[in-house]
Structures are given as structure tokens and as C-alpha cells.
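Survey of secondary and tertiary structure
Here is how the chains run, residue by residue.
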Amino acid sequence: MNHDAYPDAYLRDILTSVRTIAVVGASPRPNRPSHGVMRFLQRHGYRAIPVNPLAGSAEILGERVYRSLAEIGEPIDMVDIFRRSELAGAVVDEAIAIGAKAVWMQLDVRDDAAAARAEAAGLKIVMDRCPAIEIPRLGIGPR
């Protein structure tokens, strides 16, 4: 997969096939991008589960906060990563371990080695994109 330019059909397939999204790096602070994207995903019918060991709160946007992907204890379709690029690889490895179907790295987040590991494990991967931008651009309505 060329991670510099994704076909619209590839992005649409991911965004229309997933239901449960773990938002790694979710913030309880409304002014943070991760909070806004999580809210956007919820309003579009996705179940967005916050993952952040440092969040300092029990819930974000009505969902229990988990310290890691492994703690969630239910199937996760996609992992949306709001972490610096150098930290993304460990999250990708967790996503592989829990059997996620896709990994989405947010704007300015890229780890080509982690992407290769995910693809080798059968996961779909997107880097340096935001689902809150792609969903309306692709004309995907609320679920």
C-alpha cells in the first residue's frame, strides 16, 4: 500500500465497515483534537472507546477510559492513534495483539515500520489522516 496517497475506496471501506473504535490518546479536555474527533465519531454512530493511561478521569464523553487496548475486553474494529509518531509503533503492536481490523494514525502521525507490521498481520492501515475530515469528504453519513 502506498501510504502517501490512499484511494477513496480504501478509506471508505474502512470507515463503513468499522463500528467500534478505540481512541488512543483520548483527552477529557474539550479543547484537545482527540476529544473533538471522539465526539465527532460518536455523533456519527460509531462507538468510540477512550484509551489513555494518563487521562485522570473515569470517563470521557460518557465512555469508560481504559489504560490500554488489552483492558477493553471486547472486540475493537479500528484503533485511532493520537500519539506522537515515535510512540505509535507500540500502539500498533497492541492493535495487532487484540485482533483489531484497522489502525488509523492521525494527522502528522506516521510510522512506516509499524505500518508494515500491521499489514503483515492482515490489518488495514492509514497514516497522517483524520477520520473526522475523511468521513464528510467521502460523503459518509451518520450510522
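The structure under discussion appears in the preceding block.
Here the structure is a predicted model, which means the values were calculated and not measured. (Residues numbered from 1 in each chain as written. Predicted model: local features only at pLDDT ≥ 70, side-chain atom pairs only at ≥ 80, totals over all residues. Heavy atoms only, no water.)

**Describing the overall build of the protein chain**
For clarity, the threshold we go by: Strands are runs of DSSP state E lasting at least two residues, helices are runs of H or I lasting at least four, and both sets are numbered from the N terminus onward. In this setup the radius of gyration rests on C-alpha atoms only. A globule is expected at 2.2 Å times the number of residues raised to 0.38.
For the protein chain, the helix and strand inventory stands at five helices and seven strands. In sequence order, the secondary structure elements of the protein chain are arranged as α-β-α-β-β-β-β-α-β-α-β-α. For 143 residues, the compact-globule formula gives about 15 Å, and the C-alpha radius of gyration of the protein chain, at 14 Å, lands near that figure. Across its three principal axes, the protein chain shows a C-alpha extent of roughly 40 × 30 × 25 Å.

**Section: unusual backbone geometry**
Unusually for a residue other than glycine, Leu61 sits at a positive phi of about 50 degrees. For Leu61, the location among the structural elements is in the loop between β3 (59-60) and β4 (63-64). Phi is positive for Asp108, close to 70 degrees, though the residue is something other than glycine. Topologically, Asp108 is positioned in the loop between β6 (102-105) and α4 (112-120).

**Here we look at the layout of surface pockets**
Here is the rule we go by: Cavity and pocket criteria rest on a 1 Å grid covering protein atoms alone: a 1.4 Å probe that fits but cannot get out defines a cavity, protein on both sides within 12 Å along at least 5 of 7 lines defines an open pocket, and an atom within 4 Å of a point defines a lining residue. Grid points are joined across faces, edges and corners, and a volume is the space filled by probe spheres set on the points.
Space inside the largest pocket adds up to approximately 430 Å³. Lining the largest pocket are 19 residues; nearest its centre among them are Gly25, Arg32, Ser34, Phe82 and Arg83.

**So, the sheet that holds strand β2 (residues 47-51)**
One key point about sheets: their strands pair by backbone hydrogen bonds, in either a parallel or an antiparallel sense. Short version of the rule: Only strands joined by at least two bridges in the DSSP assignment are considered to pair. Axis definition: a line fitted to C-alpha atoms, over the contacting stretch in the case of helices. Angles run 0 to 180 degrees between N-to-C directions.
Strand order in the open sheet formed by five strands is β2-β1-β5-β6-β7, and the pairing between neighbours is parallel. Two strands lie at the open edges of the sheet, namely β2 and β7 (124-126), each paired on one side alone. The sheet shows a mean angle of 20 degrees between the axes of neighbouring strands, taken without regard to direction. Pairing of strand β1 (residues 20-24) with strand β5 (residues 78-81), which is carried by four bridges, proceeds in the parallel orientation. If you follow Ile21 over to β5, its bridge partner there is Met78.

**A look at the pairing of β6**
Filter applied, for reference: Per-residue accessibility, obtained with a 1.4 Å probe over protein chains only, is compared with the maximum for each type, and a residue is labelled buried under 20%, exposed over 50%, and partly exposed between these values. Handedness of a crossover: with both strands directed away from the viewer, a clockwise path from the first strand across the helix to the second marks it as right-handed.
In β6, alternate side chains face the same way, and those of Ala102 and Trp104 on one face and Val103 and Met105 on the other are all buried. Note that β5 and β6 share four bridges and pair parallel. The partner of Asp80 across the bridge, within β6, is Trp104. This β-α-β element, β5 to helix α3 (residues 85-98) to β6, shows right-handed connectivity. Sheet topology note: the β6/β7 ladder contains three bridges and is parallel. If you follow Val103 over to β7, its bridge partner there is Ile125. Taken together, β6, α4 and β7 form a β-α-β motif whose crossover is right-handed.

**Looking at the environment of Met105**
How we decide: In what follows, residue pairs with any heavy atoms lying within 4.5 Å of each other are defined as contacts.
As for its position among the elements, Met105 is in strand β6. For the pair formed by Met105 and Val24, sequence separation is 81 residues and the distance between their alpha carbons is 9.8 Å. Contacts of Met105, omitting those with residues within four sequence positions, involve Ile81, Ala88, Val92, Arg110, Asp111, Ala114, Ile125, Val126, Met127, Asp128 and Arg129.

**Remarks on the packing of aromatic side chains**
For clarity, the cut-off: Each Phe, Tyr or Trp ring, with Trp reduced to its six-membered ring, pairs with another whose centre is within 6.5 Å; inter-plane angles below 30 degrees give stacked pairs, above 60 give edge-to-face pairs, and intermediate values give tilted ones.
Enumeration over the complete set of coordinates arrives at one aromatic pair. Considering the side-chain rings of Tyr6 and Tyr10, the 5.8 Å spacing of their centres and the 5 degrees angle between planes classify their relative orientation as stacked. On the basis of relative accessible area, Tyr10 is assigned to the buried category, the value being 14%.

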